[in-house]
Amino acid sequence: MHDKQDETGEQRVVALVEEFLTARSARKPSPHTLEAYRRDLLSIVRLVAEDPDAPLPLATLPISALTARTLRVAFARFAATRAVASIYRAWSTWNTFFAFLVADGVVAGNPMPAVGKPSAPPALPKPLRGEETPERLLEAVARDDDRRQRYPWPERDMAVIALALCAGLRLSELLALRVGSLAGRPGERRVEVAGKGGRARVVPVEPELDAVVTAYLESRVRRFGARSVGRTSVLLVDRHGEPLRRGGLQYLVESCYRRAGITDRVPAGAQLHALRHTFATRLAEDGANAAEIMRLLGHASLTTSQNYIDVTAGQQRAAVRANRTNQSLGRLLASVVPPGS
């Protein structure tokens, strides 16, 4: 554990970095995110400490050494061998770090606005690769013939994949769903989503997706009883009937990819997000305009009532109905569900 102060009473940068990372841990970021924060912060700290004009020991580098000038020099050296995305991410991390220090009263101001940064690189969509890959995934999940699974639950797995592919939900949004999140009359069904940043939205649910979720809930009643599907109950649960956690949901999706034999068609780092991107990409390909896609994905800030009106409007629902994944899901259900069952 580093001492927080040097012999003059100044706080040491390395110790403050650890304090910052501890504070960020309360927000439950992934281990990869925390490691990226540490790497970005310490990379610049080392460059400041190694300044040829005034080198200082890394372990005892005081916070006063981080001036606009020293940071500009360090970022210039950092940028020389790195891609735009890496430079932008590091700048953003340092900006957040200084905001933390200002809020804690460690420094009087944030010098980062005086440090140049590149424009934010465009976030490129990462859908599943291959025209028929979503259909191949759905078919593999619908089949209950994978003997490698110790505790198969195809209805639950299908609900997860279909909600991501046909409603474009994020991982955190899936975990937050309740049984009562699916509402509305037949033909006007919708899923009410607690979106990113606390922004609520509703997404139309077509009959095919509704049937998948209904089949899952019926299978859950058979496993755990009717009390397990109260309106306030968590929608997605594990094999013990407990709420699915982030790691469990990620593992479930990765398992579905393996069963479908499509792991090589999943963009690196995308995993479940690749399903959301596939939803958006197919909407665009099938004629939805930018405004419709923004609303359906929760990128626009709208009130709850405006969300309801917008996503249940004819054009919005037609865009979702025209989505090829919904149509494929309907054909699949017709082939695997016996008539009258």
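Being a predicted model, the structure only gives us computed values, none of them experimental.

Cut-offs applied
- Residues numbered from 1 in each chain as written.
- Predicted model: local features only at pLDDT ≥ 70, side-chain atom pairs only at ≥ 80, totals over all residues.
- Heavy atoms only, no water.
- Salt bridge = Lys/Arg side-chain N within 4 Å of Asp/Glu carboxyl O.
- Helix = DSSP H or I, 4+ residues; strand = E, 2+ residues; numbered from the N terminus.
- Buried < 20%, exposed > 50% of the residue type's maximum accessible area, 1.4 Å probe, protein only.
- Pairing = 2+ DSSP bridges.
- Axes fitted to C-alpha atoms, helices over the stretch in contact; angles between N-to-C directions.
- Parallel < 35°, antiparallel > 145°, perpendicular 65-115°, else oblique.
- Contact = heavy atoms within 4.5 Å.
- Nonpolar A, V, L, I, M, F, W, Y, C, P; charged D, E, K, R; others polar.
- Core = buried A, V, L, I, M, F, W, Y, C linked by side-chain atoms within 4.5 Å.
- Phe/Tyr/Trp six-rings, centres within 6.5 Å; stacked < 30°, edge-to-face > 60°.
- Lys NZ or Arg CZ within 6 Å of the ring centre and 35° of its normal.

Student: Could you give an account of the pattern of salt bridges, with specific residues and numbers?
Tutor: In this structure the tally under the stated criterion is 14 salt bridges. A salt bridge links Asp 157 to Arg 259; its shortest N-O distance comes to 3.0 Å. Linking Asp 157 in helix α6 (residues 154-167) with Arg 259 in helix α9 (residues 246-260), this pair joins segments that are 102 residues apart in sequence. In this structure Asp 157 comes out as buried when scored by relative accessible area, which is 2%. With a closest N to O distance of 3.7 Å, Glu 192 and Arg 190 form a salt bridge. Under the relative-accessibility criterion, Arg 190 is labelled buried at 15%.

Student: Would you mind going over the pairing of strand β2 (residues 190-194) in detail, with residue names and values included?
Tutor: Each regular strand displays side chains that alternate between the two surfaces of the sheet. Note: strand β1 (residues 182-183) against β2, two bridges, orientation antiparallel. Within the sheet, the bridge partner assigned to Ala 183 lies in β2 and is Arg 190. Counting the residues between successive antiparallel strands, the hairpin from β1 to β2 contains six residues, one of them, Gly 184, with a positive phi of roughly 105 degrees. Bridge count for β2 against strand β3 (residues 200-204) is five bridges, and the pairing is antiparallel.

Student: Talk me through the packing of helix α5 (residues 133-142) against α9; I want residue IDs and the actual numbers.
Tutor: Look at α5 against α9: their axes get within 8 Å of each other, and the N-to-C directions meet at 100 degrees. The orientation of α5 with respect to α9, classified from their angle, is roughly perpendicular. Across from Arg 136, Leu 137, Ala 140 and Val 141 in α5, the residues of α9 making contact are Cys 256, Tyr 257, Arg 259 and Ala 260. Here the contact of α5 with α9 is composed, by residue class, of six nonpolar, no polar and two charged.

Student: Which residues make up the nonpolar core, and what are the values?
Tutor: Membership of the largest hydrophobic core comes to 57 residues, with the highest contact counts inside it found for Leu 137 and Leu 235. Ranked by the residues each element gives to this core, the list is headed by α6, at 10 residues. Ranked by size, the runner-up nonpolar core spans 32 residues in total, among them Leu 34, Tyr 37, Leu 66 and Ala 90.

Student: Before we move on, could you go through the packing of aromatic side chains and cite the residues and values that matter?
Tutor: On inspection of all chains with the given rule, the structure shows nine aromatic pairs. Judged by centre distance (5.4 Å) and plane angle (70 degrees), the rings of Phe 20 and Phe 97 are edge-to-face. Taken together, the residues span a long stretch of sequence, with Phe 20 in helix α1 (residues 13-25) and Phe 97 in helix α4 (residues 84-103) at a distance of 77 residues. By relative accessible area, which is 0% here, Phe 97 ends up buried. Note on Trp 153 and Tyr 216: the rings are 5.6 Å apart at their centroids and 50 degrees apart in plane angle, and the pair reads as tilted. Here Trp 153, found in the loop between α5 and α6, pairs with Tyr 216, found in helix α8 (residues 207-224); they are 63 residues apart in sequence, far enough to count as distant. Summarising the burial analysis for this pair, Trp 153 and Tyr 216 share the class buried. Linked through ring pairs, Phe 20, Tyr 37, Trp 94, Phe 97, Phe 98 and Phe 100 together constitute an aromatic cluster. Over the ring of Trp 91 we find Lys 117, and its NZ or CZ is 4.2 Å from the ring centre. In this arrangement the basic side chain of Arg 223 is found over the ring face of Trp 153, its NZ or CZ atom lying 4.1 Å from the centre.

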